[in-house]
Amino acid sequence: MAITATVRRRVTEDHVSVSISSYSFPHSSINHTKVKKGQQIELTGEIARVDEEGGRVTVDLGPLVTIDIDKVRLVEKYRTPKRKKPLRDMVD
């Protein structure tokens with residue numbers, strides 16, 4: 001799952017404080033890129049729990065973060081392309 005978060009400030013050289021919609025607590029994330037205050041970044045994690053009645057989902061971003069279902073979107077993990085021929089046949 002992917003969540004869009006807004007950068008609040010840089011905490012350390014490696015961490016930024018971010019604000020996540022519908023999550024009432026500050027969240028810190030590891031980020032080595034040069035981001036600025038107000039910039040939006042994407043956080044990804046695995047689904048831990050879904051509350052369909054309440055319309056909320058819990059995502060594992062390191063700590064568990066529970067947010068509204070409409071604030072997350074499904075993304076696929078990168079998978080390397082499969083070779084059509086084994087590597088040995090290509091070398092011969």
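Structure: see above.
Computed from a predicted model, the values in this text were never measured in an experiment.

1. Observations concerning the overall build of the protein
So, step 1. Scanning the protein from N- to C-terminus turns up one helix and eight strands.
So, step 2. Secondary structure elements of the protein, listed N to C terminal, follow the sequence β-β-β-β-β-β-β-β-α.
So, step 3. Across its three principal directions, the C-alpha atoms of the protein cover 60 × 40 × 20 Å.
So, step 4. In the protein, which comprises 92 residues, the share counted as buried stands at 26%.
So, step 5. Accessible surface, the protein: about 7,400 Å² in total, of which carbon and sulfur atoms supply 50%.
So, step 6. Each charge class in the protein can be summarised by its mean position, and for the 17 positive and 13 negative side chains these summaries are 8 Å apart.

2. Digging into the nonpolar core
So, step 1. In terms of nonpolar packing, the biggest core is built from 17 residues, with V18, I20, I41 and I67 touching the most fellow members.
So, step 2. When residues no more than four places from it in sequence are discounted, the contact partners of I20 are I3, A5, H27, L43, L61, V65 and I67.

3. Some words on the pairing of strand β1 (residues 2–10)
So, step 1. Note: β1 against strand β4 (residues 40–44), five bridges, orientation antiparallel. Residue pairing in the sheet places I3 in a bridge with L43 of β4.
So, step 2. Two elements, β1 and strand β8 (residues 72–73), share two bridges in a ladder whose sense is antiparallel. Within β8, the residue paired with A2 across the bridge is R73.
So, step 3. Sheet topology places β1 next to strand β2 (residues 15–20); five bridges connect them, and they run antiparallel. For V7, the partnering residue across the bridge sits in β2 and is V18.
So, step 4. Taking the residues between adjacent antiparallel strands as the criterion, β1 and β2 are bridged by four residues.

4. Regarding the pattern of salt bridges
So, step 1. Overall, the coordinates contain two salt bridges when judged by the stated rule.
So, step 2. With its nearest N and O atoms 2.1 Å apart, the salt bridge here joins R73 to E42. Pair noted here: R73 is in strand β8 and E42 is in strand β4, with a separation of 31 residues, a long-range link.
So, step 3. For R73, a relative accessible area of 38% translates into the label partly exposed.

5. Re a nonpolar patch on the surface
So, step 1. A cluster of nonpolar residues, I47, V50 and I69, forms a patch on the protein surface that exposes about 230 Å² of accessible area.
So, step 2. Under the relative-accessibility criterion, I47 is labelled partly exposed at 42%.

Conventions used here
- Along every chain, residues carry numbers that run from 1 in the direction the sequence is written.
- Under the rules for a predicted model, residues below a pLDDT of 70 receive no local features and side-chain atom pairs below 80 are neither given nor counted, while totals for whole chains, interfaces and linings still include all residues.
- With hydrogens and water set aside, each side-chain value is computed from the structure's full complement of heavy atoms.
- Each helix is a run of H or I in the DSSP string that is no shorter than four residues. Each strand is a run of E no shorter than two, and both are numbered from the N terminus.
- In this scheme, a residue with accessible area under 20% of its type's maximum is buried, one over 50% is exposed, and one in between is partly exposed, where area comes from a 1.4 Å probe on protein chains only.
- What sets the accessible areas is the Shrake-Rupley method with a 1.4 Å probe; for residues, cover comes only from the shown protein chains.
- Charge counting follows a simple rule: Lys and Arg are positive, Asp and Glu are negative, and His as well as the terminal groups are ignored.
- Lysine's charge is taken at NZ, arginine's at CZ, aspartate's at CG and glutamate's at CD.
- Residues grouped as a nonpolar core are buried Ala, Val, Leu, Ile, Met, Phe, Trp, Tyr and Cys residues, joined through side-chain atoms within 4.5 Å.
- Two residues qualify as a contact provided that any one of their heavy atoms is within 4.5 Å of a heavy atom in the partner residue.
- Note on pairing: two strands pair once DSSP finds at least 2 bridges between them.
- Any Lys or Arg side-chain nitrogen located within 4 Å of an Asp or Glu carboxyl oxygen qualifies as a salt bridge.
- Patch membership requires more than 30% relative accessible area and the absence of a salt bridge. Residues of like charge join within 9 Å; the nonpolar side chains Val, Leu, Ile, Met, Phe, Trp and Tyr join within 5 Å.

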